[in-house]
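Listed below, chain by chain, are the residues.
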Amino acid sequence: MVDLRGQYEKIKHEIDSSIQEVIDSTAFIKGFAVGQFQESLEKYLDVRHVIPCANGTDALQVSMMALGLKPGDEVITASFTFIATAEVIALLGLTPVFADVDPGTFNIVPEDIERRITKKTRAIIPVHLFGQSADMDKIMQIAKKYDLYVIEDNCQAIGADCFFKDDTSKKAGTIGTIGTTSFFPSKNLGCFGDGGALFTNDDELAKKVRSIVNHGMTVRYYHDDIGVNSRLDTIQAAVLKVKLAYLDEYIAARQKAAAFYDSAFGSEPKLTIPARAALSTHVFHQYTLKLNGVDRAALIEYLAEKGIPAMIYYPVPIHLQKAYEQYGFKAGDLPVTEDLCSRVISLPMHTELDEEQLKYITTSVLEFINQ
Ligand SMILES: *Cc1c(COP(=O)(O)O)cnc(C)c1O
């Protein structure tokens with residue numbers, strides 16, 4: 001699905017020397033590269049605070065701890081997402097409430113969020129799924145109206161531009177109360193292991209987050225908060241500071257591959273190409289098709305035989321996962337989410353796809369569809 005080796009080979013010298021610098025310094029924890037990467041990312045995102053941490057799941061957990069959410073508080077999020085989003089809500093004893101998504105963009109529907117707000121609702125977690133921002137214009141209006149926090153799960157859309165009705169724009173992840181991301185190797189900005197970060201423009205909140213990721217400690221061995229141990233490794237920061245300079249190039253490469261897929265599949269009635277959100281650019285973490293009356297399992301098998309990987313993101317919605325039955329959702333509650341899980345398919349999407357590969361993939365898909 002991704003070609004991490006091909007991407008690495010092109011910038012091997014830069015990456016290797018950046019990692020070697022860390023090894024030579026032996027400052028493996030909180031070394032200089034962490035601060036350098038943090039500052040560069042603050043500039044790139046135009047946000048006051050980037051707080052690096054160990055992974056995207058921790059970033060979500062820490063965001064809710066820093067906001068002081070308490071057991072019993074309700075948090076509205078999508079069910080059509082990676083499990084981490086809901087997992088940390090449950091882990092903290094909060095109650096996940098799932099809202100449905102849009103059949104075209106796959107992102108959470110603001111009107112369905114509003115419908116599910118109760119006296120116990122404290123926060124909304126929009127997930128900017130597959131590379132484009134949810135409708136933050138409307139979500140922020142709802143949050144304001146009901147006095148709710150907004151935690152953006154931006155693990156899949158780093159670098160996406162989100163537009164507002166007044167013609168201004170911001171980077172996805174910097175719009176809500178706080179934003180989170182992951183630097184897992186296959187994410188759009190990936191390191192060589194685990195990594196993550198939080199973003200906020202709120203100075204007080206940033207202070208709290210910095211304390212919580214560091215054992216609740218601002219002055220050494222004095223603990224004002226109950227915290228966790230969640231740091232970005234210096235070696236990972238050394239990789240990320242090199243790759244951040246290429247992020248816009250990487251996004252352009254993904255968009256080019258997506259355009260190729262679009263033109264190959266756009267007029268095929270058995271396939272629906274991914275819709276573009278009205279108020280966001282698309283950075284194509286995934287290229288996800290909807291199949292219309294196509295045997296998905298057989299297609300995946302056919303592609304596998306030709307050496308083409310394809311994945312289902314996501315086969316089972318979170319509200320129907322065994323561990324999440326306790327929250328009282330049942331089949332039929334989120335019709336769009338459930339329908340998508342039954343017929344989406346994601347094709348290889350990365351920065352190294354060349355025209356020959358794209359031709360091979362698209363021809364193979366069309367061969368199967370029209371056989
Ligand atoms: C990857 C991902 C996460 C978790 O990130 P990790 O770094 O793997 O912990 C959370 N939410 C979404 C939507 C993701 O895609």
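If you're wondering where the values come from, they're calculated on a predicted model, not measured in any experiment.

Enquirer: Explanation requested: the packing of aromatic side chains in the structure shown.
Expert: Centre distance and the angle of the planes are the two values used to describe a pair of aromatic rings. Evaluated as defined, the whole model comprises 15 aromatic pairs. Here the aromatic rings of Phe80 and Phe106 are separated by 6.1 Å at their centres, their planes lie at 65 degrees, and the arrangement is edge-to-face. Remark: Phe106 occurs in the loop between β3 (95–99) and α6 (110–115) and Phe80 occurs in the loop between β2 (74–78) and α5 (84–91); sequence separation between them is 26 residues. Residue Phe80 is classed as buried on the basis of its relative accessible area of 1%. Ring geometry for Tyr324 against Tyr327: centres 6.2 Å apart, planes inclined by 35 degrees, an arrangement best described as tilted. An aromatic cluster of three or more residues is present, and its members are Phe80, Phe106, Phe130, Tyr313 and Tyr314.

Enquirer: Mind showing me how you'd approach the domain arrangement of the chain here?
Expert: Note on interface size: it is often stated as the accessible area lost on association of the parts. With domains assigned, the chain is organised as domain 1 (4–244) and domain 2 (247–369). Computed from C-alpha atoms alone, the centre-to-centre distance between domain 1 and domain 2 is 24 Å. Taken together, the 51 residues of domain 1 in the interface contact 36 residues of domain 2. Summed over both partners, the interface of domain 1 with domain 2 comes to about 3,800 Å²; 62% of that surface belongs to carbon and sulfur atoms.

Enquirer: Sorry if this is basic, but what is going on with the sheet that holds strand β12 (residues 271–272) here?
Expert: Think of a sheet as strands paired side by side through backbone hydrogen bonds, with each pair either parallel or antiparallel. Spatially, β12-β13-β14 is the arrangement adopted by the three strands of the open sheet, whose pairing is antiparallel. Edge positions in the open sheet fall to β12 and β14 (344–347), since each of these has one partner strand only. Two elements, strand β13 (residues 287–291) and β14, share four bridges in a ladder whose sense is antiparallel. Residue pairing across strands places Lys290 opposite Val344, the latter belonging to β14. Across the sheet, helix α10 (residues 247–265) is in contact with β12, β13 and β14; its angle to β13 comes to roughly 20 degrees.

Calculation rules
- Residues numbered from 1 in each chain as written.
- Predicted model: local features only at pLDDT ≥ 70, side-chain atom pairs only at ≥ 80, totals over all residues.
- Heavy atoms only, no water.
- Phe/Tyr/Trp six-rings, centres within 6.5 Å; stacked < 30°, edge-to-face > 60°.
- Helix = DSSP H or I, 4+ residues; strand = E, 2+ residues; numbered from the N terminus.
- Buried < 20%, exposed > 50% of the residue type's maximum accessible area, 1.4 Å probe, protein only.
- Domains from an automatic or database assignment.
- Contact = heavy atoms within 4.5 Å.
- Buried area = accessible area lost by both parts, 1.4 Å probe.
- Pairing = 2+ DSSP bridges.
- Axes fitted to C-alpha atoms, helices over the stretch in contact; angles between N-to-C directions.

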